[in-house]
Amino acid sequence: MIHAEKISVSLHGTPIVHGASMTAESGQWLAIIGPNGAGKSTFLRALAGTVKFSGSLTVSGQDIQALHPRERAKLIAYAPQTPILPDDMAVMDYLLLGRTPHLGYLGQESAADRRIAAEVAARLDLSTLLRRPVGSLSGGERQRAILARALTQQAGVLLLDEPTTALDLGHQQQVLELVDELRQERGLTVVSTLHDLTLAGQYAHQLALLVDGRIVTVGDPAEVLTAQTIAEHYAATVHVSTGQDGRPLIALRRP
Ligand SMILES: Nc1ncnc2c1ncn2[C@@H]1O[C@H](COP(=O)(O)OP(=O)(O)OP(=O)(O)O)[C@@H](O)[C@H]1O
Ligand SMILES: [Mg+2]
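Residues numbered from 1 in each chain as written. Chains lettered and ligands numbered in written order. Predicted model: local features only at pLDDT ≥ 70, side-chain atom pairs only at ≥ 80, totals over all residues. Heavy atoms only, no water.

(A) Broad picture of the overall build of the protein. A tally of regular secondary structure across the protein gives nine helices and twelve strands. A globule of 255 residues ought to have a C-alpha radius of gyration of about 18 Å, and the protein, at 18 Å, matches this closely. Per-residue burial over the protein gives 48% buried out of 255 residues. In the protein, of all internal contacts separated by at least 6 residues, the share reaching a separation of at least 24 is 65%. (Helix = DSSP H or I, 4+ residues; strand = E, 2+ residues; numbered from the N terminus. Rg over C-alpha atoms; globule rule 2.2 N^0.38 Å. Buried < 20%, exposed > 50% of the residue type's maximum accessible area, 1.4 Å probe, protein only. Contact = heavy atoms within 4.5 Å.)

(B) Structural view of the sheet that holds strand 3 (residues 29-33). Read from one edge to the other, the open sheet built from six strands follows the order 6-7-8-3-9-10, with strand pairing classed as mixed. Two strands close off the open sheet at either side, each with one partner strand: strand 6 (76-79) and strand 10 (214-219). Pairwise comparison of adjacent strand axes, ignoring direction, gives a mean angle of 15° for this sheet. Summarising the sheet, strand 3 and strand 9 (residues 206-211) pair through four bridges and their orientation is parallel. For Ile33, the partnering residue across the bridge sits in strand 9 and is Leu209. Where helix 1 (residues 40-48) meets the sheet, its contacts fall on strand 3, strand 6, strand 7 (157-161), strand 8 (189-193) and strand 9, and the angle it forms with strand 7 comes to roughly 155°. (Pairing = 2+ DSSP bridges. Axes fitted to C-alpha atoms, helices over the stretch in contact; angles between N-to-C directions.)

(C) Spatial organisation of the pairing of strand 12 (residues 248-252). When strand 11 (residues 238-242) meets strand 12, the two strands line up antiparallel, connected through five bridges. Residue Val238 lies in a different strand from strand 12, and its bridge partner there is Leu252.

(D) Quick peek at the coordination of the magnesium ion (ligand 2). The protein atoms that coordinate the magnesium ion (ligand 2) are Ser41 (OG) and Gln81 (OE1), at distances spanning 2.0 to 2.2 Å. In this pair, Ser41 is assigned in helix 1 and Gln81 in the loop between strand 6 and helix 3 (91-96), connecting sequence segments 40 residues apart. By relative accessible area, Gln81 is classed as partly exposed at 38%. (Donors = N, O, S within 2.8 Å, 3.2 Å for Na, K, Ca; no water.)

(E) Representation of the site of ligand 1 in the model. As a matter of local geometry, ligand 1 sits amid 13 residues, with Gly37, Lys40, Ser41, Thr42 and His195 nearest to it. Contact between ligand 1 and Ser41: an oxygen atom at 2.8 Å from a side-chain N or O atom of the residue. In the model, an oxygen atom of ligand 1 is placed 2.9 Å from a nitrogen or oxygen of the His195 side chain. Considered on its own, ligand 1 offers 650 Å² of accessible surface; in the complex 62% of this is hidden by protein. Here the shell around ligand 1 gets three residues from one element, more than from any other, and that element is helix 1. (Near = heavy atom within 4 Å. Polar contact = N/O pair within 3.5 Å; in protein donor to acceptor, adjacent residues only side chain to side chain. Areas by Shrake-Rupley, 256 points an atom, 1.4 Å probe, with all protein chains shown as cover.)

(F) Layout of helix 4 (residues 111-123). Taking 1.5 Å of rise per residue, 13 residues should cover 18 Å, and helix 4 covers 18 Å from first to last C-alpha, within 8% of that figure. What helix 4 keeps buried is the set Asp113, Ile116, Ala117, Val120 and Ala121. Looking straight down helix 4, one finds that the buried residues subtend no more than 135° of arc, so they occupy a single side. Within helix 4, the exposed residues directed more than 90 degrees away from the buried face are Ala111 and Arg115. Among the residues trailing helix 4, Asp125 stands out with phi positive, at a value near 60°. (Expected span 1.5 Å × (residues − 1). Arc of directions from axis to C-beta.)

Shown next as structure tokens:
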């Protein structure tokens, strides 16, 4: 379980996130939605510990800020929206970076570490690309490699910032289904941002709507994804219908 309480972040003196709180229960998927520039990535970076914040952050009751980065990395894995990648590094070596917090004193990967990386790669259609330099990957392949590195870390909490934006439909489904399978198999807790509101509603148990750095609504998908709420916060005209599974389907329509 990950619990964030009154998280505030300023970037270069500008307040971006204002006292945002959220809880994702063990084995649950929480999606953070909201318009461009709302502060979703900044909030996720605070949870990942890559930006300074005030407030409290615990995983299973443990204060994350008190932990050494190596111990923190065993609990929380993070796939950023726009990471800087080591372009010359082979994809396999990049995935093995996910094993760093687990390595022993000599920092040498074992056969088991390589097997974990290779298994994740296979599930994301990356097996044939493992020797290629990261810089040679297509946008979608890069995005799957970023996710693969985070999954190779085998932390209990997975933070995903827009994991599907560069992916074709088939790979969007593959990535989200894989994350959901791992959630069910291993009790992973997932916190993701997702621009596609229908997808957010299909996979997440809870949605948190972040607007201007503040969480304005939290609830299950049908509660949060109403045409009225979307019109108010996204300035978009949409039609919301209910799918066979009872979850909302959002379609843009001409105003
Ligand atoms: N270094 C910085 N200095 C000042 N402002 C910044 C800095 N980095 C980001 N911002 C601003 O903070 C706000 C929130 O950015 P953030 O990337 O968290 O938004 P987001 O909700 O993830 O948006 P998107 O949907 O476009 O991914 C934006 O207005 C952005 O321009
Ligand atoms: Mg973002």
